[in-house]
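Residue-level structural notes
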Amino acid sequence: MTDADEVAGAAAESRARSIVHDRPLLLSLLGLAVVAFLARLLPVVLTGGLRGYIDYDDGVYMGTALALLRGTIVYRDFYMLHPPGIVYVLSPFAALSFVVSDAAAFMAARVGFMLLGAVNTVLVGLLASRLGRWSALASAALYAVWIVPIYTERSTWLVGPQNTLLLLALLAMARRSRGSDGTPAPLGWRRAALVGALIGACGAIQIWGAVTAAAVFVWLVVEVSRQRDRLRPLIAYVVAGIAALVLLLLPFFLAAGTKMIRIIIFDQLGRGGDRIPIGARLRAIEGLPASSHVPDAIVGAVFVAAVMVVVIGAWRRPAIRPWAWILAAQLAFLFVTPSFFRHYSAWLAATATVAIGSSVATIAGWVAGRRGAGEVPLRPASGVIGGGYAIALAGLLAISTIPGTAGFHRPSDPFPSRQVARALATARCPTADSATMLILTGLLRRMLDNGCPVLVSPTGVSYDSDPTLRGPGRSRKNQVEYQAIMARYYGESDGAAFIRKESSNGLTDQTWATIRSHLPVELRIGNKITIYLPAGS
């Protein structure tokens, strides 16, 4: 790209930024926010409901917040693998449990995260709006209907709040122009500090935030290399990021000491994986279940096409480059991290949607003979691109709202909370292999009120036990210490409920024998829940 192109592009970006104050655009973004909220809410309501069983992890995080507000402190009193940032996010919802049931507070938290998805949709549009109206709408629409962010914003997972913080940081990074030629203003240390604090808060939710923090730092190095004050913005970014991280972690560190550091850093880094192949990771990143019958060749072709679109967009519009760079760093990490689950892919949803949407709008404008992407003329070539993109969005919306379309399981399974609670009605200290069960039945509150041992994340304990085991030999069934903890936790309770697959719990026959020797009465509820009770129950 020539210097003239750079200047013209910067001037176009300066003009496009005024679109943020365009009421029709803002109304359109609010409309997309409504679509995003409904795409997250309706599939849940129409299946198992807000009080249904969605996942294991969302209950771990909500259970941790509920326990904290009743004086049981994570890391000191029980185990959670991740940093405590999510506890800060969920504590306002957990506080509702003082006036309503734990289940009602959990339902409110789930709706809150769906609303957060709607907020993220608007933030994506505002970020992309600096490249024009069509960039804003194309990006926000993709975030609103794509199953990748929708999946994790249906309940209390880690990624939704991280996307919010990252989008706010990227908005703070967006450099305003000065003068009629569109020359970017220097990046000041105050704005760099704000970016650092927001990215540091991401790290307080999940240590993966370090990858994003490093990618942003590298980009800032490039940005400040062209201005006179180069050092202060970089120092401000690093100091503010570390300060935000320390501030959020410090209260829990003071309570738990170095045990917390061992858990959230060393246990996480030592976490093994199942050697998930690249093809399966690509499916998750694109929003397809592992069981999808879509051929690998098509999955790979879609990924290559998306990469090429972003590359072309970044070549044509410099403002896309920081988003593309951070997205590339996130993708690289997801391809190499030993531990990989489907919901991990939502971690890159913010940068992916703004980069892809802006690039599509840029390419449409380029084909139509315009440098900018603000107002694309309705010419046949750009119309074909826009029409194709709209069809793709409609397909993504169908996949997101009709789970069977792509072979997804129901987003929420009906959960017989009254039956489970009734079966364990006489248990003073019940246990369960999922905190979600404890929350939905009110049993978690009973455990906390009675001072019972609590493992909000029972299987998570395996990451902090049997440290001498390494590699493939570190399966849960090979972990003697983990098996002993599980046998004691369930076996010494006066009622235990199980809903997870046996492969997830990883209990040995000997551990099961110990549990059943103490809890010999077996009760089945439906085809997924098994409850063990003391003799005579």
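Model, not experiment: these values are computed from the prediction. (Residues numbered from 1 in each chain as written. Predicted model: local features only at pLDDT ≥ 70, side-chain atom pairs only at ≥ 80, totals over all residues. Heavy atoms only, no water.)

Some remarks on the pattern of salt bridges
When their charged atoms lie close together, side chains carrying opposite charge are able to pair. Considering all chains together, one arrives at 9 salt bridges under this definition. R445 is the partner of D102 in a salt bridge, and the nearest nitrogen-oxygen pair spans 2.8 Å. With D102 in helix 5 (residues 102–128) and R445 in helix 20 (residues 443–449), the pair connects residues that are 343 residues apart, well separated along the chain. Residue classification places D102 among the buried residues on the basis of a relative accessible area of 3%. A salt bridge links D413 to R410, with the nearest nitrogen and oxygen atoms 3.1 Å apart. One network of salt bridges, with partners in common, ties together R410, D413 and K528. (Salt bridge = Lys/Arg side-chain N within 4 Å of Asp/Glu carboxyl O. Helix = DSSP H or I, 4+ residues; strand = E, 2+ residues; numbered from the N terminus. Buried < 20%, exposed > 50% of the residue type's maximum accessible area, 1.4 Å probe, protein only.)

So, a nonpolar patch on the surface
Taken together, the side chains of F217, V218, V221, V222, V238, I242, V246, L250, F253, L254 and W325 present a nonpolar region at the surface, about 880 Å² in accessible area. Secondary-structure elements contributing two or more residues to the nonpolar patch are helix 10 (209–224) and helix 11 (231–256). In terms of residue count, the dominant contributor to the nonpolar patch is helix 11 (6 residues). Take W325: it is sitting in helix 15 (residues 321–336). (Patch = residues over 30% accessible without salt bridge, like charges linked within 9 Å, V, L, I, M, F, W, Y side chains within 5 Å. Areas by Shrake-Rupley, 256 points an atom, 1.4 Å probe, with all protein chains shown as cover.)

Here's the deal with the packing of aromatic side chains
Under the counting rule described, the total for this entry stands at 18 aromatic pairs. Ring centres 5.9 Å apart and planes at 75° place the aromatic pair F340 and Y344 in the edge-to-face group. Residue F340 shares its accessibility class with Y344, and that shared class is buried. Among the aromatic residues, those joined into a ring-pair cluster are W208, F333, F340, F341, Y344 and W347. (Phe/Tyr/Trp six-rings, centres within 6.5 Å; stacked < 30°, edge-to-face > 60°.)

Structural notes on the packing of helix 5 against helix 8 (residues 159–173)
Interaxial distance between helix 5 and helix 8 falls to 9 Å at its minimum, and their mutual angle equals 20°. The angle between helix 5 and helix 8 falls in the class roughly parallel. For the crossing formed where helix 5 meets helix 8, the hand is left-handed. Together, F113, L116, N120, L123, V124, L126 and L127 of helix 5 and G160, P161, N163, T164, L167, L168, L170 and L171 of helix 8 make up the contact between the two elements. (Axes fitted to C-alpha atoms, helices over the stretch in contact; angles between N-to-C directions. Parallel < 35°, antiparallel > 145°, perpendicular 65-115°, else oblique. Left-handed = near helix turned anticlockwise from the far one by under 90°. Contact = heavy atoms within 4.5 Å.)

Description of helix 16 (residues 349–367)
In this model, helix 16 (19 residues) spans 27 Å end to end at C-alpha, consistent with the 27 Å of a helix rising 1.5 Å per residue. Most of helix 16 sits out of view: 17 of its 19 residues are buried. (Expected span 1.5 Å × (residues − 1).)

Side note on helix 23 (residues 509–518)
Among the residues making up helix 23, those that are buried are T511, W512 and I515. For helix 23, the angular spread of the buried residues around the axis is 100°, confining them to a single face. Projecting away from the buried face of helix 23 at angles above 90 degrees are the exposed residues D509, Q510 and S517. Contacts from the buried residues of helix 23 go to helix 21 (480–491), strand 4 (496–498), helix 22 (502–505) and strand 6 (529–533). (Arc of directions from axis to C-beta.)

Some points on the nonpolar core
Grouped together as the largest cluster of nonpolar side chains are 160 residues, with contacts concentrated most on M62, Y75, M437 and I531. Per-element tally for this core: the top contributor is helix 5, with 12 residues. (Core = buried A, V, L, I, M, F, W, Y, C linked by side-chain atoms within 4.5 Å.)

As for the pairing of strand 6
Along strand 6, 5 of the 5 residues are buried, which leaves the element largely enclosed by surrounding structure. By the alternation rule, side chains of strand 6 split into I529, I531 and L533 and T530 and Y532, which are all buried. Here strand 4 pairs with strand 6 via 3 bridges, running antiparallel. Following the sheet pairing, F498 is matched in strand 6 by T530. In this structure, strand 5 (residues 521–525) lies alongside strand 6, joined through 5 bridges in antiparallel fashion. Paired with I525 across the strands is I529, a residue of strand 6. (Pairing = 2+ DSSP bridges.)

Describing the sheet that holds strand 4
Strand order in this open sheet of 4 strands is 3-4-6-5, and the pairing throughout is mixed. Each edge of the open sheet carries a strand with a single partner, namely strand 3 (431–432) and strand 5.

Examining the state of the cysteines
Across all of its chains, the model carries 1 disulfide by this definition. Put simply, C429 and C452 are joined by a disulfide, and their sulfur atoms are 1.9 Å apart. Disulfide C429-C452: torsion about the S-S bond near -75°, hence left-handed. Of this pair, C429 sits in the loop between helix 18 (417–423) and strand 3 while C452 is found in the loop between helix 20 and helix 21, placing the two residues 23 residues apart along the sequence. As far as burial versus exposure is concerned, C429 and C452 are alike and both buried. (Disulfide = S-S within 2.5 Å.)

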